[in-house]
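# Inside the fold
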Amino acid sequence: VPATGDRLRTWVAAVLLMCPLAVTGCAGSSEYMADVKSPAPLAAPADKAGVVFVRPSGLGFAINFAVLDQNGTWIGDAVAKAHFAVMLPPGDYMFVGWAENTAALKATVAAGRLYYVQVVPTMGFGSAHVRLEALTPRSPDWSQLNTWLGETKRVELLPTGVARSGDAGCSVVG
């Protein structure tokens with residue numbers, strides 16, 4: 001059994017070796033989401049509101065953040081360096097990001113409009129934390145939105161993800 005000092009040095013060395021992985025900007029993946037090979041332009045149908053969740057950062061790429069609605073229904077995984085869209089009936093929503101912490105974002109959405117939510121990973125204690133931030137023309141990061149959408153991959157729910165989500169009255173588009 002190594003001495004306490006040796007264990008501490010080994011632990012510190014392991015952490016330092018892992019740090020570059022946390023900030024390299026790797027893209028993530030989810031067993032419930034699939035890459036969209038040739039995505040159509042994002043647009044909301046006349047009778048639904050489109051909500052696009054974009055996670056431009058690769059920080060914490062190994063951790064996916066489950067996104068739920070106010071009923072606790074899973075609507076997608078926020079994957080590192082990716083974005084996905086859901087089409088919802090107009091109305092009031094509470095979106096919840098689920099990680100080591102939980103984050104909530106309240107939104108009122110109208111038919112025929114697109115809304116954007118930035119999914120922000122932050123450092124947690126044992127795993128990444130998440131923040132959900134509305135992206136509007138008044139947001140400091142609004143000017144980055146088109147870049148983020150161009151540089152992240154679009155993902156959509158796989159049939160296994162649809163089964164996971166149940167019937168929330170929403171549709172997910174690629």
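## Thoughts on the overall build of the chain
Of the regular secondary structure elements, the chain holds three helices and 11 strands. Counted from the first residue to the last, the chain has its helices and strands arranged as α-β-β-β-β-β-β-β-β-β-α-β-α-β. The buried share of the chain, taken over its 174 residues, is 39%. Relative to all contacts within the chain whose residues are 6 or more apart in sequence, the contacts with residues 24 or more apart total 69%. Accessible area for the chain stands at about 9,500 Å²; split by element, carbon and sulfur atoms hold 59% of it.

## So, the sheet that holds strand S3 (residues 65-68)
Across the sheet, four strands lie side by side as S4-S3-S6-S7; this open sheet has antiparallel pairing. Looking at the sheet topology across the chains shown, the edges are occupied by strand S4 (74-78) and strand S7 (102-109). Recorded for the sheet is a direction-independent mean angle of 20 degrees between the axes of neighbouring strands. As paired strands, S3 and S4 are joined by four bridges and run antiparallel to one another. Bridge pairing links Val 67 to Gly 76 in S4.

## Considerations on the environment of Arg 131
Relative to the helices and strands, Arg 131 resides in strand S9 (residues 129-135). With relative accessibility at 40%, the residue Arg 131 sits in the partly exposed group. With 66 residues separating them along the chain, Arg 131 and Phe 65 place their C-alpha atoms 9.8 Å apart. Apart from residues lying up to four places away in sequence, Arg 131 is in contact with Ala 103, Gln 118, Val 119, Val 120 and Thr 122. Separated by 2.7 Å, the side chains of Arg 131 and Glu 133 make a polar contact.

## Observations concerning the nonpolar core
Within soluble globular proteins, side chains that are nonpolar generally end up buried alongside one another. Grouped together as the largest cluster of nonpolar side chains are 31 residues, with contacts concentrated most on Val 51, Phe 53, Phe 95 and Leu 132. Residues in contact with Leu 132, not counting those within four places in the same chain, are Phe 95, Val 96, Gly 97, Ala 103, Leu 105, Val 117, Gln 118 and Val 119.

## Some details on the pattern of salt bridges
Summed over all chains, the structure comprises two salt bridges. Residue Lys 153 is joined to Asp 35 by a salt bridge in which the shortest nitrogen-to-oxygen separation is 3.5 Å. With Lys 153 in strand S10 (residues 153-157) and Asp 35 in strand S1 (residues 33-35), the pair connects residues that are 118 residues apart, well separated along the chain. With relative accessibility at 37%, the residue Asp 35 sits in the partly exposed group. With a shortest N-O distance of 2.7 Å, Glu 133 and Arg 131 are connected by a salt bridge.

## A short note on unusual backbone geometry
Look at Lys 81: it is not a glycine, yet its phi comes out positive at around 55 degrees. Positionally, Lys 81 belongs in the loop between S4 and strand S5 (82-88).

Calculation notes
Residues numbered from 1 in each chain as written. Predicted model: local features only at pLDDT ≥ 70, side-chain atom pairs only at ≥ 80, totals over all residues. Heavy atoms only, no water. Helix = DSSP H or I, 4+ residues; strand = E, 2+ residues; numbered from the N terminus. Buried < 20%, exposed > 50% of the residue type's maximum accessible area, 1.4 Å probe, protein only. Contact = heavy atoms within 4.5 Å. Areas by Shrake-Rupley, 256 points an atom, 1.4 Å probe, with all protein chains shown as cover. Pairing = 2+ DSSP bridges. Axes fitted to C-alpha atoms, helices over the stretch in contact; angles between N-to-C directions. Polar contact = N/O pair within 3.5 Å; in protein donor to acceptor, adjacent residues only side chain to side chain. Core = buried A, V, L, I, M, F, W, Y, C linked by side-chain atoms within 4.5 Å. Salt bridge = Lys/Arg side-chain N within 4 Å of Asp/Glu carboxyl O.

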